[in-house]
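Here are the chains, one letter per residue:
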Amino acid sequence: MKKHLLVMFLLSALAVVANAQENPVAWSAICSARTVHPGQKFSAKVSARISPGWHIYSITQAPGGPTLTEITLAARQPFTLAGFVIGPLPHSSYDANFQLETDTYERTAAFRVPIVVAAKAPSGAKAVAIDVRFQACNERTCLPAKTVHLSAPVRIIAAGTLSRNPTGAQKQ
């Protein structure tokens, strides 16, 4: 019985390690505002949690080497970028594998994504669709670049729309 439990524990631990090897970066997104109005600017915070020993390349990585991290908004939604994505200062060092200077993030990285709501956006609960393209590497290998699709909830309240205030009374 003890051997069986030990084997189950070891298999579970190996599964966790294998998942970290296949998906060494966990992404999340949250909006700075819970409610917005047509034409309003707000931002989303996109965060990366990077497994130990791994890194991703910065949003400012020069061309000719690894895939830089790129954060965009998906098409066909009532939201567009309202400026440049702002990220943390990367760690710069020479990478012998690429034979050039690379800019990387390790452990964590958080980005500010400026967004504007379309002027004619309808009212209702929406989700800002955010796409992140990145490449993760460790000392021995680089995974192929991939795109993850994130969403961050927000409610659009158009002009003239009735909404409830905290006391429950109707307001215009």
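Chemist: Would you take a moment to explain the state of the cysteines for this structure?
Modeler: By definition, a disulfide links two cysteine residues through a covalent bond between their sulfur atoms. Counted according to the given criterion, the structure contains one disulfide. Residue pairing for Cys-137: its cysteine sulfur links by disulfide to Cys-142, the two sulfurs lying 2.0 Å apart. Judged by the sign of its S-S torsion, about 110 degrees, the bond between Cys-137 and Cys-142 is right-handed.

Chemist: Would you explain the environment of Cys-137 in this entry?
Modeler: The residue Cys-137 is located in strand S11 (residues 136-137) in this model. Along the chain, Cys-137 and Pro-24 lie 113 residues apart, while their C-alpha atoms are 8.8 Å from each other. When sequence neighbours within four positions are dropped, the list of residues in contact with Cys-137 reads Gly-53, Trp-54, His-55, Tyr-57 and Cys-142.

Chemist: Help me understand the environment of Ala-109, please; the structure alone is not making it clear to me.
Modeler: Within the fold, Ala-109 resides in strand S9 (residues 108-117). In this structure Ala-109 comes out as buried when scored by relative accessible area, which is 4%. Between the C-alpha atom of Ala-109 and that of Trp-27, which follows or precedes it by 82 residues, the distance is 9.6 Å. Residue contacts for Ala-109: discarding those within four places in its chain leaves Val-46, Ser-47, Ala-48 and Pro-88.

Chemist: I would appreciate a short explanation of the layout of surface pockets in the present structure.
Modeler: Empty space within the largest pocket amounts to approximately 230 Å³. Lining the largest pocket are 16 residues, and of these His-55, Asp-95, Glu-106, Asn-138 and Glu-139 sit closest to its centre. Looking at the lining of the largest pocket, the elements that each hand over two or more residues are strand S4 (55-57), strand S7 (91-95) and strand S8 (100-105). In terms of residue count, the dominant contributor to the lining of the largest pocket is S7 (four residues). Across the lining of the largest pocket, the residue classes tally to five nonpolar, eight polar and three charged.

Rules used throughout
- Counting restarts for each chain, with residues numbered from 1 along the sequence as it is written.
- pLDDT decides what is reported in this predicted model: residues at 70 or higher carry local features, side-chain atom pairs at 80 or more are listed and counted, and totals for whole chains, interfaces and linings draw on all residues regardless.
- Side-chain figures throughout are based on the complete set of non-hydrogen atoms in the structure, without hydrogens or water.
- Two cysteine sulfur atoms make up a disulfide if the distance between them is within 2.5 Å.
- A run of H or I in DSSP counts as a helix once it spans at least four residues, and a run of E counts as a strand once it spans at least two, with each numbered from the N terminus.
- In what follows, a contact means two residues having at least one pair of non-hydrogen atoms within 4.5 Å.
- Exposure categories follow from relative accessible area, calculated using a 1.4 Å probe and restricted to protein chains: below 20% of the type maximum is buried, above 50% is exposed, and the middle band is partly exposed.
- The way it works is a 1 Å grid over only the protein atoms, where trapped points that fit a 1.4 Å probe form a cavity and open points with protein on both sides within 12 Å along at least five of seven lines form a pocket, and then any residue with an atom within 4 Å of a point lines it.
- Grid points are joined across faces, edges and corners, and a volume is the space filled by probe spheres set on the points.
- For this scheme, ten residues count as nonpolar: Ala, Val, Leu, Ile, Met, Phe, Trp, Tyr, Cys and Pro. Four count as charged, namely Asp, Glu, Lys and Arg, and the remainder, Gly too, count as polar.

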